[in-house]
Amino acid sequence: MSIGTFTFRPLDPLQDAELLHGWVTHPKAAFWMMQDAGLVDVERAYMEIAADEHHHAVLGLQDGEPVFLMEYYDPAHRELVGLYEPQPGDIGMHFLTPPTDKPVRGFTRSVITAVMAHLFEDPAVRRVVVEPDVDNKAVHALNEAVGFVPEREIQKPEKKALLSFCTREQFLAAQGAAV
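Here the structure is a predicted model, which means the values were calculated and not measured. Within any chain, residue numbers begin from 1 and follow the written order of that chain's sequence. Reporting of local features is limited, given that this is a predicted model, to residues whose pLDDT is at least 70; pairs of side-chain atoms are given and counted only at 80 or more, and all residues count toward the totals for whole chains, interfaces and linings. Neither water nor hydrogens contribute to the side-chain values; these are computed over all heavy atoms in the structure.

A look at the environment of Ala76
Next, step 1: Checked against the element boundaries, Ala76 lands in the loop between β3 (65–73) and β4 (90–96).
Next, step 2: Along the primary structure Ala76 and Val149 are separated by 73 residues, whereas in three dimensions their C-alpha atoms are 20 Å apart. The numbering of helices and of strands both runs from the N terminus, where a helix is a DSSP run of H or I of at least 4 residues and a strand a run of E of at least 2.

Focus: the pairing of strand β2 (residues 55–62)
Next, step 1: Accessible area is worked out with a 1.4 Å probe on protein chains only. A residue is then buried under 20% of its type maximum, exposed over 50%, and partly exposed in between. Taken across its eight residues, β2 has seven buried, putting it largely inside the fold.
Next, step 2: Pairing geometry for strand β1 (residues 7–10) and β2, over four bridges, is antiparallel. Opposite Thr7, over in β2, you have Leu61 as the bridge partner.
Next, step 3: Bridge count for β2 against β3 is eight bridges, and the pairing is antiparallel. Pairing of Gly60 across the sheet is with Phe68, part of β3.
Next, step 4: DSSP bridges decide pairing: two strands pair if at least two such bridges lie between them. Here β2 folds back onto β3, and the loop between the two strands holds two residues, one of which, Asp63, carries a positive phi near 55 degrees.

What to know about the side chain of Arg127
Next, step 1: Note on placement: Arg127 falls in strand β5 (residues 127–130).
Next, step 2: As used in this structure description, the phrase polar contact means that two N or O atoms lie within 3.5 Å; if the pair is within protein, one of them must be able to donate a hydrogen and the other to accept it, and residues adjacent in sequence are counted only when both atoms belong to side chains. A polar contact is formed between the side chain of Arg127 and the side chain of Asp90, at a distance of 2.8 Å.
Next, step 3: Residue contacts are counted whenever heavy atoms from the two residues lie within 4.5 Å of one another. Excluding its chain neighbours within four sequence positions, the residues that come into contact with Arg127 are Tyr84, Glu85, Gln87, Gly89, Asp90, Ile91, Phe120, Phe165, Cys166 and Thr167.

Things to note about the sheet that holds strand β6 (residues 149–155)
Next, step 1: If you trace the seven strands from one edge of the open sheet to the other, you get β1-β2-β3-β4-β5-β7-β6, paired in mixed fashion. At either end of the open sheet lies a strand with only one pairing partner, and these are β1 and β6. In this sheet, neighbouring strand axes are inclined to one another by 30 degrees on average, regardless of whether the strands run parallel or antiparallel.
Next, step 2: To get an axis, a line is fitted to the C-alpha atoms, and for a helix only the part in contact is used. The angle between two axes follows their N-to-C directions and goes from 0 to 180 degrees. Taken strand by strand, helix α3 (residues 107–120) contacts β1, β2, β3, β4, β5 and β7 (160–167), and its axis lies near 150 degrees from that of β4.

See below:
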């Protein structure tokens, strides 16, 4: 079964807050660290992102319907400041697939592949940086599948994270494309 293609649109913090609230407070999203957030908390968090020139949130759409959340940020200014030496062309990324009662085999892998392809559409992006919780083994496997290489564990204020990198060439190699 083909999962199809995804499109992206900017997240509207007020219009999309109710949808996001259901996603980020679900037990499946424990690593998103918003389990106890109210609707207003979600609105506020995404209004802050919308106002931040170094942090962005977009929704991934399938047939026009939101099916995942992706955030990207400049690690020289957000999330990883002082925790590693950013290089020109680095971009940080988070993604979240919502809970479903009808899981589709390969869906999350298709999402992270689409996210990476979308980020690398920008020729200025040379490397994607992620910092998932060290205990999030499922996302470590997904990251590895699209070409991420772990560098080291780092201590962020909210978690112990696995700092990992994926260059454009590593991503293409993981997709089986010619580098």
